[in-house]
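A closer look at the structure
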Amino acid sequence: MGNSVNRPSRLRLSSCRRLPGRRTGSVRPVDPKLEECFRPRRAAVEQALDRYLQPRRELPESLREAIRYSLLGGGKRLRPMLVLLACSACGGIEQHAMPAACAVEMVHTYSLLHDDLPAMDDDDLRRGRPTCHKQFGEALAILAGDALLTLAFEVLADGCPAEVAAASCRELARGAGMTGMVGGQVVDLTWDGKIAMGTASNLPTLEDLESLHARKTGALFRASLKLGVLAAKGDAAMLARFDAYGQRFGQAFQITDDLLDVEGFAEQTGKRVRKDASRGKLTYPGLLGVAESRRRAVRLVDEACELLAPVGTAAEPLVELARYVVARDR
Ligand code: GRG
């Protein structure tokens, strides 16, 4: 990586606000000091993403425009944040994890871009702007997604030492692929009636819903944490600990996403709201009610934070990020 990227590798919450012990059971507003902690990392990710999209002679201009529109058009950058913070929590240098952070964001952006297509979720608003296919047409949106997915693996292969690159490509492929995000998406579209059901099936249960989201959104969060640990050359125990945190984080994120669809506003979320109920989609608030869904999300975040307690102060930003995820309004 070049020197132009900020180097927040040793930034700790000590430079923000220290956590007063362990709090449980409460959602609280996001501390503005937390933003101070995340801002330099987000800026570094934006710069690195931009650099990966610098003009290459062989790249058609229309494709470059569609990719830039989608990849650099906002987004919370949660997954890159998880990669970088997991790396530093394991004692690694965050800069070493930047290719992985960008690769995960590319895969995430591709998934949003394809998910918004008429054949899938059919959305016209994403990150507060018209979706890629609304702006550039379906063919280019599909191809921009394809290009982002493949670029992610090129970035990983080029940007990491061989052993780390191989392990990271494997984790990212598993998180994104048929047993991860793509598999979850297929189940979701099957429930939606957009993919034919193979065999007759009963009404989905809470267990089915959890299994769907574990794949559709959870697997990429878990991959993000594992990529961070791998970049720090963390051991198997670290991988398992951060993976367990990622599992709870992903579930809490999804429950909050469902709650935002019920309670949020498009101006904040940057995407259409109230669409789950109108489409008869199975959601956490639909199954459990709003209050129980919220309690569940908070409980999961508490568990996630407990899991990182043995890591100590190095994991404080991840604790804060988990708390943010259930308190967010977008
Ligand atoms: C097309 C293979 C394929 C998969 C699509 C991730 C996904 C699977 C679909 C997205 C549908 C959706 C809105 C799911 C809810 C959870 C989610 C991934 C929300 C968007 O993630 P954020 O909130 O988005 O991190 P930003 O824009 O902040 O990056």
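So, here's what we can say about the structure.

Conventions used here
Residues numbered from 1 in each chain as written. Predicted model: local features only at pLDDT ≥ 70, side-chain atom pairs only at ≥ 80, totals over all residues. Heavy atoms only, no water. Near = heavy atom within 4 Å. Polar contact = N/O pair within 3.5 Å; in protein donor to acceptor, adjacent residues only side chain to side chain. Areas by Shrake-Rupley, 256 points an atom, 1.4 Å probe, with all protein chains shown as cover. Axes fitted to C-alpha atoms, helices over the stretch in contact; angles between N-to-C directions. Helix = DSSP H or I, 4+ residues; strand = E, 2+ residues; numbered from the N terminus. Parallel < 35°, antiparallel > 145°, perpendicular 65-115°, else oblique. Left-handed = near helix turned anticlockwise from the far one by under 90°. Nonpolar A, V, L, I, M, F, W, Y, C, P; charged D, E, K, R; others polar. 1 Å grid on protein atoms, 1.4 Å probe; cavity = no way out; pocket = protein on both sides within 12 Å on 5 of 7 lines; lining within 4 Å. Points joined across faces, edges and corners; volume = space filled by probe spheres on them.

1. Focus: the site of the ligand
Of all residues adjacent to the ligand, which total 20 residues, the nearest are Lys76, Arg79, His108, Asp115 and Arg127. In the environment of the ligand, an oxygen atom lies 2.7 Å from a nitrogen or oxygen atom belonging to the side chain of Arg79. Within the side chain of Arg127, one N or O atom sits 2.8 Å away from an oxygen atom of the ligand. Considering the ligand on its own, with 700 Å² of exposed area, one finds that the protein chains cover 93% of that surface.

2. Regarding the packing of helix α9 (residues 206-231) against helix α10 (residues 236-263)
Contact geometry of α9 with α10 gives a least axis separation of 8 Å together with a crossing angle of 140°. Here α9 lies oblique to α10, going by the angle between them. Note on packing geometry: the crossing formed by α9 with α10 is right-handed. Among the residues forming the contact of α9 with α10, the class breakdown is 10 nonpolar, seven polar and five charged.

3. Examining empty space enclosed by the protein
In this structure the tally under the stated criterion is four cavities of 30 Å³ or more. Of the volumes computed, that of the largest cavity is approximately 140 Å³. Breaking the lining of the largest cavity down by element, the ones donating at least two residues are α2 (61-71), α4 (98-115) and β2 (129-130). Sorting elements by how many residues they give to the lining of the largest cavity places α4 first, with three residues. Classifying every residue of the lining of the largest cavity by side-chain character gives five nonpolar, four polar and four charged.

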